[in-house]
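Remarks on the overall topology
Residues per chain are reported as follows:
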Amino acid sequence: MLRLKSVGRAGVVFFLVVGLLLALSLPVGAQTQLFTPYPGVSVTPGESLNYDIEVINTGSSIEYVTFEVVGLNEDWTYHLTADGRDINRLAVRPGESETVYLQVEVPLKIEKGEYDFRVVAKNRSGSESVLPITINVTEEGTYRTELTSDQPNLEGHGDSEFSYDAVLHNRTASEQRYSLSADAPKGWQVRFQSGGENVTSIRVEPNSTANITINVTPPENVTEGTYTIPVTAQTSGTSATLELEAVITGTFDLKLSTPDERFNFDITAGRSKVVELVLTNEGSAELNGITFSATPPANWTVEFEPEVVDVLAPGESTTVKAKVTASGNAIAGDYLVGIEAKTDEVSATGTFRATVKTSLLWGWIGVLVIVAVIVGVAYLFRKYGRR
């Protein structure tokens, strides 16, 4: 019985010693952990990613850590920094953490898909801590130039200026100077603006954009229709073209005149004069709802018949009567009467010279007064002349 107990104790001691030796022969487990809150993100080609990586020391002694980024292709670039400097080694106190910053540049020319890489932290004993990171590239990368506009189609009449907002995207890896040109129809004018200044070329940084305003002016006698204006941004190695579209709905032009082209008339104080106005639509689009207004002298009035011309087709004319009534206190002389015809799109004005003449009634009254004076004087001579 005693012998069995002795053997049993010896076996226990043996196994304890063996276990201790095995434990001492094994490498010490890693005391460093890596953490970032967003190890998987989605990006587009050419973007720059920034990771805040926390290095945590879970051990009881200072850890000296070196880093390695594994799994990125050579066309990817990255920088590992701390406190604004590139680092080779980091020291972390026991039970504390430090932060390093990893900046990864996604290539411009890249296929759509998921890309995996690892950040490996290694201590002096050779133990490693690995942080896996996944980048999801959501679209096919291009090494080209893009010229786009959210609204490449505009509509207006022939007197309008069409203004398009465009974005020039340099998707290459180097700065580009683009020359700007337009293949507009004959007679059309195209101007490029950037930052409020007229330009013929523009510089764009790699993988950057520039905003361009394109102002298009049609010729004076443009007809209705749809016109295409190709616009090109070009360098020696890359180019992009944007097709702009201008829809001309017609030109608006209204003329105000008189049947004999005269803009003067005679009028008697306190009396009315009807002046005929001739309205002519000299544009290529019909005019709707033509209204009238006047700026007469004080205490004068102007009435129009009709008050509104509902529709006036291109090339057609119509007559409107303006009844001008002069003030009863108007003295003889010239007065100006302004008349305007207008629609929402266009207006026409005319200034008439009204010459006020003395009323015939007052003329006859004056004659009668003169006659009465003469008769009175003659009577007085006859009555008192002999004395």
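What counts, and at which threshold
- Residues numbered from 1 in each chain as written.
- Predicted model: local features only at pLDDT ≥ 70, side-chain atom pairs only at ≥ 80, totals over all residues.
- Heavy atoms only, no water.
- Helix = DSSP H or I, 4+ residues; strand = E, 2+ residues; numbered from the N terminus.
- Buried < 20%, exposed > 50% of the residue type's maximum accessible area, 1.4 Å probe, protein only.
- Contact = heavy atoms within 4.5 Å.
- Areas by Shrake-Rupley, 256 points an atom, 1.4 Å probe, with all protein chains shown as cover.
- Pairing = 2+ DSSP bridges.
- Axes fitted to C-alpha atoms, helices over the stretch in contact; angles between N-to-C directions.
- Core = buried A, V, L, I, M, F, W, Y, C linked by side-chain atoms within 4.5 Å.
- Polar contact = N/O pair within 3.5 Å; in protein donor to acceptor, adjacent residues only side chain to side chain.
- Patch = residues over 30% accessible without salt bridge, like charges linked within 9 Å, V, L, I, M, F, W, Y side chains within 5 Å.
- Salt bridge = Lys/Arg side-chain N within 4 Å of Asp/Glu carboxyl O.
- Lys, Arg positive; Asp, Glu negative; His and termini not counted.
- Charge placed at Lys NZ, Arg CZ, Asp CG, Glu CD.
- pLDDT = per-residue confidence, 0-100.

Along the chain, the regular secondary structure elements total 2 helices and 29 strands. Here the chain, with 387 residues, has 34% of them falling under the buried criterion. Sequence-distant contacts in the chain: of pairs separated by 6 or more residues, those separated by 24 or more amount to 67%. By element, 50% of the accessible surface of the chain is carried by carbon and sulfur atoms, the whole surface being about 23700 Å².

A few words now on the sheet that holds strand E23 (residues 272-281). Overall, antiparallel pairing links the 4 strands, which are arranged E21-E23-E27-E25 in an open sheet. Among the strands making up the open sheet, the edge pair consists of strand E21 (254-257) and strand E25 (301-305). Pairwise comparison of adjacent strand axes, ignoring direction, gives a mean angle of 25° for this sheet.

Moving on, we get to the nonpolar core. In this structure, Leu254, Leu277, Leu279, Ile290 and Trp300 are the most contacted members of the largest nonpolar core, which totals 31 residues. Apart from residues no more than four positions distant in its own chain, Leu277 is found in contact with Leu256, Ser257, Phe304, Thr318, Thr319, Val320, Ala322, Ile339 and Phe352. Judged by nonpolar contacts, the second largest core, of 28 residues, contains Val65, Leu80, Leu90 and Leu131.

So, about the side chain of Ser149. Locating Ser149 in the fold gives a position in the loop between strand E11 (145-148) and strand E12 (153-156). Here the side chain of Ser149 touches Gln151 through a polar contact of 3.3 Å, landing on its backbone nitrogen. Within the local environment of Ser149, its side chain forms a polar contact with the backbone oxygen of Asp165, the two atoms lying 2.8 Å apart.

Taken in spatial order, the 5 strands line up as E1-E3-E8-E5-E6 in an open sheet, and their pairing is antiparallel. A single partner strand is all that each edge strand has here, and the edge strands are strand E1 (32-35) and strand E6 (85-86).

Attention shifts here to a negative patch on the surface. On the surface, Asp159, Glu220, Asp253 and Glu282 cluster together to form a negatively charged patch. Within the secondary structure, Glu282 sits in the loop between E23 and strand E24 (287-295). Residue classification places Glu282 among the partly exposed positions, given a relative accessible area of 44%.

As a further point, take unusual backbone geometry. Residues Glu305 and Pro306 are joined by a peptide bond in cis, for which omega reads 0°. For Pro306, the location among the structural elements is in the loop between E25 and strand E26 (308-312). One non-glycine residue, Asp83, lies in positive phi territory at about 55°. Of note, Asp83 is situated in the loop between strand E5 (77-82) and E6. We note that Asn299 has phi near 70°; this positive angle belongs to a residue other than glycine. With respect to the helices and strands, the residue Asn299 is situated in the loop between E24 and E25.

What follows concerns the side chain of Asn57. Mapped onto the fold, Asn57 is located in strand E3 (residues 48-57). Owing to a relative accessible area of 2%, Asn57 belongs among the buried residues under this scheme. A polar atom in the side chain of Asn57 sits 3.0 Å from the backbone oxygen of Val92. Here Asn57 is in contact with Gln31, Ile62, Glu63, Val92, Arg93, Pro94, Gly95 and Glu96, once residues within four sequence places are set aside.

A separate point is the confidence of the model for the chain. Looking at the chain as a whole, its pLDDT mean stands at 87, while 89% of the residues score no less than 70. Predicted confidence is poor over residues 20-29, with pLDDT under 50, and the contacts of this stretch with residues over four places away or in other chains come to 2 contacts.

Our focus in this paragraph is the environment of Val120. Its place among the elements puts Val120 in strand E9 (residues 113-122). By relative accessible area, Val120 is classed as buried at 9%. Spatially, the C-alpha atom of Val120 lies 5.1 Å from that of Glu68, the residues being 52 residues apart in sequence. If sequence neighbours within four positions are ignored, Val120 has contacts with Thr66, Phe67, Glu68, Val70, Glu128, Ser129 and Val130.

Overall, the coordinates contain 8 salt bridges when judged by the stated rule. With a shortest N-O distance of 3.1 Å, Arg191 and Glu161 are connected by a salt bridge. Highlighted residues: Arg191 in strand E15 (residues 189-194) and Glu161 in the loop between E12 and strand E13 (162-170), separated in sequence by 30 residues. Judged by relative accessible area, Arg191 falls into the partly exposed class, the value being 32%. Judged by relative accessible area, which is 44%, Glu161 ranks as partly exposed. Residue Lys357 is joined to Asp266 by a salt bridge in which the shortest nitrogen-to-oxygen separation is 3.4 Å. Of this pair, Lys357 sits in strand E29 (residues 347-357) while Asp266 sits in strand E22 (residues 264-268), placing them 91 residues apart in sequence. A relative accessible area of 45% places Lys357 in the partly exposed class.

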